[in-house]
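# Structural characterization, general
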Amino acid sequence: MKTIIGKKKEHQRLRKSAKTRRVTQRKPSSGPVCRLCLQEPGDPEKLGEFLQKHNLSVHYFCLILSSKLPQRGQSNRGFHGFLPEDIKKEAARASRKICFVCKKKGAAINCQKDQCVRNFHLPCGQERGCLSQFFGEYKSFCEKHRPTQDIRWENVGEESCVLCCEDLSQASVENIQSPCCSQTIYHRKCIQKYAHTSAKHFFKCPHCNNREEFPQEMLRMGIHIPDRDAAWELEPGAFSELYQRYQHCDAPICVYEQGRDSFEDEGRWRLILCATCGSHGTHRDCSSLRSNCKKWECEECAPAAEATDCTPENSGDIPCCSSTFHQGAFCRDTSLEQNPGPSGTDWPGSSSLEKPESSGCRMRAHSWRSKGVKITKSCKKSK
């Protein structure tokens, strides 16, 4: 009987030592290592930015999570306010602490649970399931005392992570549940990557866009949400296309010999952009605009009321104003709202539009976009 019990204890001891060896097996370092965890730069999403200055190298997360390291300087001094002399003192203190995972010295982080004496390196703790919070006092906890969630798998609506579409693991430490969408569960690594991409100002629930409960719960569960602009706003030249001026003539028929993509600074072939959207343009002559015209609107931005045909009462399907007039319209000269239109003798022939005297329409401030002529908008039955 004693032999069987002894064999079981020996088997458990060997399994524990093998697990510890897997964590502690590291390649010999050929470059700088962090002064607080004695490891190489690693993954920035897990360890933060690798900072090097004043002959010191540290992970950003090791700085802010070290249990006894004060931040006594301004943000522009040292390492984000952590002074080099304070970092050296913290490293000296940590050199006397043994990591409960790898059994080596230099563990600068200790579990904040009362009466818990466990210390660990940040990378070792992450592999073992420890949790660190990136707000308030920046507390860290071992895997026994870390904050948890009561995930009930029978109520889970999706069997895969919404962000990566891969199957969810039953291990609770690898998953995280949304507080606002109780049936939605994500991989912890997916939420962390999403938080680093969207950052503080764009981080929200991927399911319901909740911006209050969701970030608070993610912070409690150890998700680091950086206080900066989103990743897509930090890319070089991310908004360069917004500073490019539109340079194309969109008139139905462009009469400029050099083509739609060419224009002059002044004169007949000056390119006039839509005063409302700025994403459509026309040569001055292509839309028969006046030489002093500086404001113009494209067909999409012109008021809808001015683009409708008017039909008199009891007149059947025959409109007072010919519909062919509007089909050829491309833009309107907004400068005509202040300037009077041409006289009746300047109207085109009957093939394109009837003269105002021969129609039953009363003239009311409706501009002919292609010719700069005001025609009627509301029509009355001729007596």
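Scroll up a little and you will see the structure.
Residues numbered from 1 in each chain as written. Predicted model: local features only at pLDDT ≥ 70, side-chain atom pairs only at ≥ 80, totals over all residues. Heavy atoms only, no water.

A word on the overall build of the protein. When helices and strands are tallied, the protein shows 9 helices and 14 strands. Among the 383 residues that make up the protein, the fraction classed as buried is 40%. Long-range contacts, defined as pairs at least 24 residues apart, comprise 50% of the intrachain contacts of the protein with a sequence gap of at least 6. Accessible surface computed for the protein: about 23600 Å², of which carbon and sulfur atoms make up 47%. (Helix = DSSP H or I, 4+ residues; strand = E, 2+ residues; numbered from the N terminus. Buried < 20%, exposed > 50% of the residue type's maximum accessible area, 1.4 Å probe, protein only. Contact = heavy atoms within 4.5 Å. Areas by Shrake-Rupley, 256 points an atom, 1.4 Å probe, with all protein chains shown as cover.)

Take the side chain of arginine 284 next. Relative to the elements of secondary structure, arginine 284 occurs in the loop between strand E10 (281–283) and strand E11 (296–298). Although arginine 284 is buried, it makes no salt bridge; glutamate 266 carries the closest opposite charge, 5.2 Å away. The contact partners of arginine 284, leaving out residues within four places of it in the chain, are Gly267, Arg268, Arg270, Ile272, Leu289, Arg290, Ser291 and Cys293. (Lys, Arg positive; Asp, Glu negative; His and termini not counted. Salt bridge = Lys/Arg side-chain N within 4 Å of Asp/Glu carboxyl O.)

What follows covers the pairing of strand E1 (residues 50–53). Bridge count between E1 and strand E2 (residues 56–59): 4 bridges; the pairing is antiparallel. Its bridge partner lying in E2, phenylalanine 50 is registered against histidine 59. Counted along the chain from E1 to the antiparallel partner E2, the turn is 2 residues long, and its residue histidine 54 has a positive phi close to 55°. (Pairing = 2+ DSSP bridges.)

By size, the foremost hydrophobic cluster in this structure holds 33 residues, and its most contacted members are Leu36, Val58, Leu63, Phe79 and Ile87. Only E1, E2, helix H3 (60–65), helix H4 (84–94) and helix H5 (122–128) provide two or more residues apiece to this core. Top element by residues in this core is H3. It accounts for 5 residues. (Core = buried A, V, L, I, M, F, W, Y, C linked by side-chain atoms within 4.5 Å.)

On the surface, Phe239, Leu242 and Tyr243 cluster together to form a nonpolar patch covering roughly 420 Å² of accessible area. Mapped onto the elements, tyrosine 243 comes out in the loop between helix H8 (231–234) and strand E9 (271–273). (Patch = residues over 30% accessible without salt bridge, like charges linked within 9 Å, V, L, I, M, F, W, Y side chains within 5 Å.)

Right, let's get into unusual backbone geometry. Positive phi, normally seen in glycine, also occurs at tyrosine 138, with a value near 55°. By the secondary structure assignment, tyrosine 138 is in the loop between strand E5 (131–132) and strand E6 (140–141). Positive phi, normally seen in glycine, also occurs at asparagine 209, with a value near 65°. When you line up the elements, asparagine 209 lands in the loop between helix H6 (188–202) and helix H7 (213–220).

This part covers the packing of aromatic side chains. Counting across every chain of the model gives 8 aromatic pairs. Ring centres 4.8 Å apart and planes at 50° place the aromatic pair phenylalanine 61 and phenylalanine 134 in the tilted group. With phenylalanine 61 in helix H3 and phenylalanine 134 in the loop between E5 and E6, this pair connects stretches of sequence that are 73 residues apart. Note on phenylalanine 203 and phenylalanine 214: the rings are 5.3 Å apart at their centroids and 40° apart in plane angle, and the pair reads as tilted. With a gap of 11 residues between them, phenylalanine 203 in the loop between H6 and H7 and phenylalanine 214 in helix H7 connect regions that are remote in the sequence. Grouping aromatic residues by their ring pairs yields a cluster made of Tyr186, Tyr194, Phe203 and Phe214. (Phe/Tyr/Trp six-rings, centres within 6.5 Å; stacked < 30°, edge-to-face > 60°.)

Its volume calculated, the second largest pocket comes out at about 590 Å³. When contributions to the lining of the second largest pocket are tallied by element, the ones reaching two or more residues are helix H2 (44–47), H3, H6 and H7. Here the residues of the lining of the second largest pocket sort into 11 nonpolar, 5 polar and 6 charged. (1 Å grid on protein atoms, 1.4 Å probe; cavity = no way out; pocket = protein on both sides within 12 Å on 5 of 7 lines; lining within 4 Å. Points joined across faces, edges and corners; volume = space filled by probe spheres on them. Nonpolar A, V, L, I, M, F, W, Y, C, P; charged D, E, K, R; others polar.)

What follows concerns empty space enclosed by the protein. Rolling a probe over the atoms, with the probe sized like a water molecule, indicates the empty space that remains. Applying the stated criterion to the full structure yields 1 cavity of 30 Å³ or more. Considered as a void within the structure, the largest cavity measures approximately 30 Å³ in volume. Lining the largest cavity we find Leu36, Cys37, Cys62, Ser66, Ala108, Ile109, Phe120, His121 and Leu122. A breakdown of the residues in the lining of the largest cavity according to their chemical character gives 7 nonpolar, 2 polar and no charged.

Along the chain, glutamine 149 turns up in the loop between E6 and strand E7 (175–177). Only 2.8 Å separates the side chain of glutamine 149 from the backbone nitrogen of glutamine 177, close enough to count as a polar contact. Look past the residues within four positions of glutamine 149 in its chain and what remains in contact with it is Ile176, Gln177, Glu217, Arg220 and Met221. (Polar contact = N/O pair within 3.5 Å; in protein donor to acceptor, adjacent residues only side chain to side chain.)

What follows covers the pattern of salt bridges. One pass over the full model with this rule turns up 7 salt bridges. A salt bridge links arginine 72 to aspartate 86; the nearest nitrogen and oxygen atoms lie 2.8 Å apart. Of this pair, arginine 72 sits in the loop between H3 and H4 while aspartate 86 sits in helix H4, and the two are 14 residues apart along the sequence. Exposure remark for arginine 72: the relative accessible area of 53% places this residue in the exposed category. Among the residues examined, aspartate 86 registers a relative accessible area of 6% and is labelled buried.

All of the buried residues in H4 are Pro84, Asp86, Ile87, Glu90, Ala91, Arg93 and Ala94. Against the buried residues of H4 lie E2 and H3.

Burial in H7 covers these residues: Phe214, Pro215, Glu217, Met218 and Leu219. Of the surrounding elements, those touching the buried residues of H7 are E7, strand E8 (185–187) and H6. Where H7 terminates, the next one or two residues include glycine 222, which has phi positive at roughly 90°.

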